[in-house]
Amino acid sequence: MPGVSPAKPDKSPERVPHLEAFLDELRGERRLSPNTTRNYTHAVRGFFAGLRQSEGHAVAPENVTRLHARGFVIETQRLLDRRTVHLHVSALRAFWKFLLRRRLVSASPWSGLS
């Protein structure tokens, strides 16, 4: 499987299931800043857009594998600086923790990845 590069969302943003509920939690309960919320949105949408490009079709969060996550980390390390990679992975880990708390996925592909 080719690496999953972060894709810049095009004019029509990538539709990601449960993303709006996650963002509502970030804004409301966790009271994260608008900049952090914007960065997390960009990271999650970029991951799913890159995954769609790599796979040739949309992939639901419950079907994302550890191989997808690992490929993303490897590709982003080639393309982005270390701090940006860390931000993207942190955002994706937070998104999957949200999905786990809501029992929308059974496991996180980001667990244990460095």
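In what follows, the structure referred to is the one given above.
What counts, and at which threshold
- Residues numbered from 1 in each chain as written.
- Predicted model: local features only at pLDDT ≥ 70, side-chain atom pairs only at ≥ 80, totals over all residues.
- Heavy atoms only, no water.
- Core = buried A, V, L, I, M, F, W, Y, C linked by side-chain atoms within 4.5 Å.
- Buried < 20%, exposed > 50% of the residue type's maximum accessible area, 1.4 Å probe, protein only.
- Helix = DSSP H or I, 4+ residues; strand = E, 2+ residues; numbered from the N terminus.
- Contact = heavy atoms within 4.5 Å.
- Axes fitted to C-alpha atoms, helices over the stretch in contact; angles between N-to-C directions.
- Parallel < 35°, antiparallel > 145°, perpendicular 65-115°, else oblique.
- Nonpolar A, V, L, I, M, F, W, Y, C, P; charged D, E, K, R; others polar.

**Student:** Would you mind showing me how to read the nonpolar core here?
**Tutor:** Nonpolar side chains in soluble globular proteins generally cluster together in the buried interior. Counting 29 residues, the largest nonpolar core has Phe-22, Phe-47, Phe-48, Phe-95, Trp-96 and Trp-110 as the members making the most contacts within it. For this core, the secondary structure elements donating two or more residues are helix H1 (19-28), helix H2 (34-55), helix H3 (66-79) and helix H4 (82-101). Look past the residues within four positions of Phe-47 in its chain and what remains in contact with it is Val-4, Val-64, His-68, Phe-72, Leu-92, Trp-96 and Trp-110.

**Student:** Which parts of the structure should I look at to understand the packing of H1 against H4?
**Tutor:** Geometrically, a packed helix pair is captured by the angle between its two axes and the distance between the axes. Packing of H1 against H4 brings their axes to within 10 Å, and their N-to-C directions diverge by 100°. One finds that H1 runs roughly perpendicular with respect to H4. Judged by residue contacts, Leu-19, Ala-21, Phe-22 and Glu-25 of H1 engage Ala-91, Ala-94, Phe-95, Phe-98 and Arg-101 from H4. Among the residues forming the contact of H1 with H4, the class breakdown is seven nonpolar, no polar and two charged.

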